[in-house]
Amino acid sequence: MVIRGTSQVLGVFGDPVAHSLSPAMHAQFAETTGANTVYVPFHVREGHLKTALSALPSLGIRGVNVTVPHKEAALDLVNTLEPAARAIGAVNTVTNDRDQLVGDNTDARGFLADLWASFPDQTWPQRPALVLGSGGAARAVIYALRQEGLPAIRVANRTQAKARALVGEMCPPMGESLDLSPSRLDTALADVGLIVNTTSLGMRGETLEALDLGRAPADAVVYDLIYNPAETPLLAAARARGLATANGLGMLVCQGAISYEIWTGLQPAVEPVIHALEKAKQT
Ligand code: ATR
């Protein structure tokens with residue numbers, strides 16, 4: 001990559017930011033599209049987001065991704081909010097549009113793009129979905145699934161009150177909330193087409209014992225937002241049951257590609273980047 005006087009500057013604001021995969025990913029987007037962009041990791045600590053964002057117009061930076069811990073704080077620090085960011089309650093993409101900051105969220109679109117790419121010929125859009133978790137990632141997934149017009153979205157969470165509040169806000173009247181008890185999960189699984197894990201369970205080998213995938217239809221598909229490890233115990237159990245699976249690496253790349261398109265107008269190919277990141281993780 002060569003930085004020139006004409007390079008368009010992009011980046012990510014986060015804390016921590018050192019381990020972000022985004023700089024490598026966006027370098028590949030620049031390479032494959034031939035665009036003259038550079039993507040810089042900025043270590044922006046809590047309390048510094050306002051100053052950092054307000055500097056974008058002065059510095060002529062075209063756009064930044066916003067990550068932990070700034071995604072919610074950014075909502076109040078942009079000039080306009082796109083509907084997805086407002087509904088999800090978090091900003092992950094800020095664009096400097098002629099000195100006006102526009103806040104957007106590309107997680108839901110990234111999730112949907114990868115879901116369709118992973119399971120193109122499945123019946124999941126016609127059947128209920130089971131979403132595990134009720135945090136920020138669940139909000140993006142629920143927002144995405146609402147766009148697809150699924151007949152029902154069942155949200156299961158350890159703290160059921162959070163699931164109930166989330167369903168009440170984001171998906172009445174086709175939403176249902178439940179806790180993680182085996183009997184409730186068994187019932188919820190009986191006719192699902194899609195199971196999505198948005199919890200952190202599985203990052204360190206944890207399993208959700210109460211979830212018996214044997215209760216799900218044989219053609220249900222399982223998506224885990226976790227991509228490290230590449231196969232969580234949930235995905236291993238799904239594969240053992242013969243269900244189609246996908247992890248969250250594709251979503252990560254797709255949400256980044258959508259941010260890149262917002263900033264540059266160019267659509268980078270995602271497949272080679274997904275494969276490169278998979279290989280990089282193995283070495
Ligand atoms: P994110 O923004 O990535 O979604 P989050 O907002 O902290 O992260 O949400 C984490 C989700 O994982 C929550 O749904 C949480 O359940 P609670 O709402 O009951 O806290 C879920 N989670 C985390 N650890 C869990 C565990 N050990 N068992 C079950 N659920 C867990």
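Look a little higher up for the structure.
Below is a summary of the structure that appears in this document. (Residues numbered from 1 in each chain as written. Predicted model: local features only at pLDDT ≥ 70, side-chain atom pairs only at ≥ 80, totals over all residues. Heavy atoms only, no water.)

Moving on, we come to the layout of surface pockets. Take a probe with the size of a water molecule and roll it over the atoms, and the empty space left behind shows itself. Each pocket or cavity is described by its volume, and for the largest pocket that value is around 1400 Å³. Along the wall of the largest pocket there are 38 residues; nearest its centre are T67, V68, K71, Y227 and L252. At the level of elements, strand 3 (63–66), helix 5 (136–147) and helix 9 (249–264) are the ones that each hand at least two residues to the lining of the largest pocket. With 4 residues, the single largest contributor to the lining of the largest pocket is helix 5. Of the residues that constitute the lining of the largest pocket, the class distribution is 17 nonpolar, 16 polar and 5 charged. Estimated volume of the second largest pocket: approximately 300 Å³. G133, N157, R158, T199 and S200 are, among the 15 residues lining the second largest pocket, the residues nearest its centre. Here the lining of the second largest pocket is built from residues that sort into 5 nonpolar, 8 polar and 2 charged. (1 Å grid on protein atoms, 1.4 Å probe; cavity = no way out; pocket = protein on both sides within 12 Å on 5 of 7 lines; lining within 4 Å. Points joined across faces, edges and corners; volume = space filled by probe spheres on them. Helix = DSSP H or I, 4+ residues; strand = E, 2+ residues; numbered from the N terminus. Nonpolar A, V, L, I, M, F, W, Y, C, P; charged D, E, K, R; others polar.)

Here the focus is the pairing of strand 12 (residues 244–247). Pairing geometry for strand 11 (residues 221–224) and strand 12, over 4 bridges, is parallel. Within the sheet, the bridge partner assigned to V222 lies in strand 12 and is T245. Regarding the hand of the β-α-β motif, the stretch spanning strand 11, helix 8 (residues 233–240) and strand 12 is right-handed. (Pairing = 2+ DSSP bridges. Right-handed = clockwise from strand over helix to strand, strands pointing away.)

Near the ligand you find 13 residues, and of these S134, N157, R158, T159 and K162 are the closest. Here an oxygen atom of the ligand and a side-chain polar atom of N157 are 2.7 Å apart. A distance of 2.9 Å separates an oxygen atom of the ligand from a polar atom in the side chain of R158. For the ligand, whose accessible area on its own is 650 Å², the fraction buried by protein is 63%. When atoms are counted within 2 Å of each cavity's grid points, the one that captures over half of the ligand is the second largest pocket. In terms of residue class, the shell around the ligand is made up of 3 nonpolar, 8 polar and 2 charged. (Near = heavy atom within 4 Å. Polar contact = N/O pair within 3.5 Å; in protein donor to acceptor, adjacent residues only side chain to side chain. Areas by Shrake-Rupley, 256 points an atom, 1.4 Å probe, with all protein chains shown as cover. Sits in = over half its atoms within 2 Å of the grid points.)

Any functional reading would require information that these geometric values do not contain.
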